[in-house]
Amino acid sequence: MRSTSLLVLAGATAALASSSHKNMAKHRRSQPVEKRGSGYTLDTFAKGQDFLDLFDYAEGSDNGGVANYVSESTAKSDNLVWVNPKDDTVHLRVDNSTASASSRNAIKLTGKKTYDTGLFIFDIERQPQVCGAWPAVWMTSMTETWPAGGEIDIVEYVSRQTDNGFSVHTTSGCYAGSSGYSGTAMLAGDNALNCDADATSAQGCGFRSTQNVSAGIGANYYKGGVYALEISESGGISAWFFVRGKVPSDITEKNPQPSSWTTPDMYISPSSCKPSTYFKNLGLIINTNLGGTWAEGVWNSDNSYAGQTDGSCASQTGYSTAAAYVLAEGQDFTHSYWKFRSLAIYK
Ligand SMILES: *[C@@H]1O[C@H](CO)[C@@H](O)[C@H](O)[C@H]1NC(C)=O
Ligand SMILES: *[C@@H]1O[C@H](CO)[C@@H](O)[C@H](O)[C@H]1NC(C)=O
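Predicted model, so just to flag it, every value in this text is computed and none were measured.

## A look at the overall build of the chain
Part 1: If you tally the helices and strands in the chain, you get nine helices and 18 strands.
Part 2: Relative to its 347 residues, the chain shows a buried fraction of 58%.
Part 3: Expressed as a percentage of contacts within the chain between residues at least 6 apart in sequence, the contacts between residues at least 24 apart total 76%.
Part 4: Surface summary for the chain: the accessible area is close to 13,600 Å², and the carbon and sulfur share equals 48%.

What follows is the structure, given as structure tokens:
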């Protein structure tokens, strides 16, 4: 998310990744599972206002975007944050009225607590699905200077893409292994498995899900699903997306057993990236950027490498830049909202 050169790499990735499978990955049946504890205990389970209370509101803008992240009081008075009293879902919106000349109001939540390890499970029903949006749920070090302390992206995509990008950004020396994941490396060549931000023009090691229902409009069609991130000193870093209807029952039962789940979309082996060396004091962040390096950089691309099926945003919208579209067509950003069902954190 901190990348300033993501657009170059995302563009380069397009060609390389065009052969990735677009079929929804068939969830393999898990092997017979021994009934034993995973060692995880529930630290936090939050919905509704309790979910929002885990976060502060960051203000300003980032990554070249035209989103203007507003304060809590503005978010509330402008109705950009809302808890549905019927089901306790948290709705995060983008201002859909007339924008200022240079920005459109949006929300960036930053977690109050930090973690070195743990199991983080987001149940998300709805995500932005509009050209020009760059939504993300991620973790980054709240105490070190990036990329020290690490960054892990749990949900990240732009515009009308349907294939989620999971990624890790570190200082030098952290590599993903060559197996153990179902996603497709987002970078080509020698650095595909190199998580070093400096060596990869800030991109780190990214894995695009082969499930075309794992992000944005693809996920929304199924009422979303569950994203799980495990950071374990002995087990490494693993991340999964489970579409609604295929969420493991042990997640629903709040007794998660990651070892019984399907192959993760992303896996970073502890033998080539020791978590305690690269990750420290990670805080959760949820934001909706608008335009910015990635969305702008692939504005003219059809994004089919990431499951966008309706053509480039330039051709869909008739605008030559993401920023121009974002600033002019407020009503379209009615479709740029998140609906979170819950967040569970296990230690
Ligand atoms: C996902 O891929 C399947 C198989 O190719 C296709 O039928 C379906 O329409 C795609 N879904 C989305 C949201 O693009
Ligand atoms: C803006 O969003 C709100 C909330 O989703 C919706 O009720 C309203 O109709 C939208 N306004 C426009 C102009 O699209």
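Next comes the rest of the account.
## Some remarks on the sheet that holds strand S13 (residues 205-208)
Note: strands within a sheet are paired through backbone hydrogen bonds, in either parallel or antiparallel orientation.
Part 1: One open sheet accounts for eight strands, arranged S2-S7-S17-S9-S10-S11-S13-S12; its pairing is antiparallel. Among the strands making up the open sheet, the edge pair consists of strand S2 (55-57) and strand S12 (184-185).
Part 2: Bridge analysis of strand S9 (residues 133-141) against strand S10 (residues 151-156) gives five bridges, and the strand direction is antiparallel. Counted as the bridge partner of Val137 is Val155 from S10.

## So, the state of the cysteines
Part 1: Considering all chains together, one arrives at three disulfides under this definition.
Part 2: A sulfur-sulfur separation of 2.1 Å characterises the disulfide bridge that pairs Cys174 with Cys273. In this structure the cystine formed by Cys174 and Cys273 twists about its S-S bond by roughly -95°; its chirality is therefore left-handed. You can see Cys174 sitting in the loop between strand S11 (165-169) and S12 and its partner Cys273 sitting in the loop between strand S16 (266-268) and helix H6 (275-278), a full 99 residues away along the chain.

## Regarding the site of ligand 2
Part 1: Lining the immediate environment of ligand 2, one finds Arg93, Asn96, Gln331 and Thr334.
Part 2: One of the side-chain nitrogen or oxygen atoms of Asn96 is found 2.2 Å away from an oxygen atom of ligand 2.
Part 3: One nitrogen or oxygen atom from the side chain of Thr334 is found 3.1 Å from an oxygen atom belonging to ligand 2.
Part 4: Look at ligand 2: alone it shows 360 Å² of surface, and the protein chains cover 42% of it.

## Considerations on the nonpolar core
Part 1: Grouped together as the largest cluster of nonpolar side chains are 55 residues, with contacts concentrated most on Leu92, Phe122, Ile268, Ile286 and Phe340.
Part 2: Setting aside chain neighbours within four positions, we find Leu92 in contact with Leu52, Leu80, Val81, Ile107, Leu109, Ile286, Ser336, Tyr337, Trp338 and Phe340.
Part 3: Core analysis: the next-biggest nonpolar cluster, separate from the first, contains 19 residues, Val66, Val130, Cys313 and Val326 among them.

## Details of the side chain of Arg104
Part 1: As for its placement among the helices and strands, Arg104 is situated in strand S6 (residues 104-106).
Part 2: The buried charged residue Arg104 lacks any salt bridge, with Asp95 as its nearest oppositely charged partner at 4.5 Å.
Part 3: Of note is the side chain of Arg104, whose polar atom sits 2.8 Å from the backbone oxygen of Asp95.

## Observations concerning the packing of aromatic side chains
Part 1: Summed over the entire model, instances satisfying the criterion amount to 15 aromatic pairs.
Part 2: An angle of 85° between the planes, with centres 4.8 Å apart, marks the rings of Trp240 and Trp261 as edge-to-face. Here Trp240, found in strand S15 (residues 236-243), pairs with Trp261, found in the loop between helix H5 (249-252) and S16; they are 21 residues apart in sequence, far enough to count as distant. Of the two residues, Trp240 and Trp261, neither departs from the other in class, the shared state being buried.
Part 3: With a centroid separation of 5.4 Å and 80° between ring planes, the pair formed by Phe242 and Trp261 is classed as edge-to-face. On the criterion of sequence distance, the pair formed by Phe242 in strand S15 and Trp261 in the loop between H5 and S16 is long-range, its members being 19 residues apart.
Part 4: Following the ring pairs from residue to residue traces out a cluster consisting of Phe51, Phe55, Phe122, Trp338 and Phe340.
Part 5: In this structure, Lys254 is placed above the aromatic ring of Phe45, and the distance from its NZ or CZ to the ring centre is 4.0 Å.

## What about the pattern of salt bridges?
Part 1: Inspection of the entire model under this criterion finds ten salt bridges.
Part 2: Between Glu144 and Lys280 there is a salt bridge; the shortest N-O distance is 3.9 Å. Of this pair, Glu144 sits in the loop between S9 and S10 while Lys280 sits in the loop between H6 and strand S17 (282-290), placing them 136 residues apart in sequence.
Part 3: Residue class for Lys280 comes out partly exposed when judged on its relative accessible area of 41%.
Part 4: We note a salt bridge from Arg160 to Asp310, for which the minimum N-O separation is 2.8 Å. One end of the pair, Arg160, is in the loop between S10 and S11; the other, Asp310, is in the loop between helix H7 (292-297) and helix H8 (313-317), with 150 residues separating them in the sequence.
Part 5: In this structure Arg160 comes out as buried when scored by relative accessible area, which is 18%.
Part 6: Each of Glu125, Lys223, Lys339 and Arg341 takes part in one network of salt bridges that share partners.

Cut-offs applied
- Residues numbered from 1 in each chain as written.
- Chains lettered and ligands numbered in written order.
- Predicted model: local features only at pLDDT ≥ 70, side-chain atom pairs only at ≥ 80, totals over all residues.
- Heavy atoms only, no water.
- Helix = DSSP H or I, 4+ residues; strand = E, 2+ residues; numbered from the N terminus.
- Buried < 20%, exposed > 50% of the residue type's maximum accessible area, 1.4 Å probe, protein only.
- Contact = heavy atoms within 4.5 Å.
- Areas by Shrake-Rupley, 256 points an atom, 1.4 Å probe, with all protein chains shown as cover.
- Pairing = 2+ DSSP bridges.
- Disulfide = S-S within 2.5 Å.
- Near = heavy atom within 4 Å.
- Polar contact = N/O pair within 3.5 Å; in protein donor to acceptor, adjacent residues only side chain to side chain.
- Core = buried A, V, L, I, M, F, W, Y, C linked by side-chain atoms within 4.5 Å.
- Lys, Arg positive; Asp, Glu negative; His and termini not counted.
- Salt bridge = Lys/Arg side-chain N within 4 Å of Asp/Glu carboxyl O.
- Phe/Tyr/Trp six-rings, centres within 6.5 Å; stacked < 30°, edge-to-face > 60°.
- Lys NZ or Arg CZ within 6 Å of the ring centre and 35° of its normal.

All quantities given are derived from atomic positions and should not be read as evidence of function.
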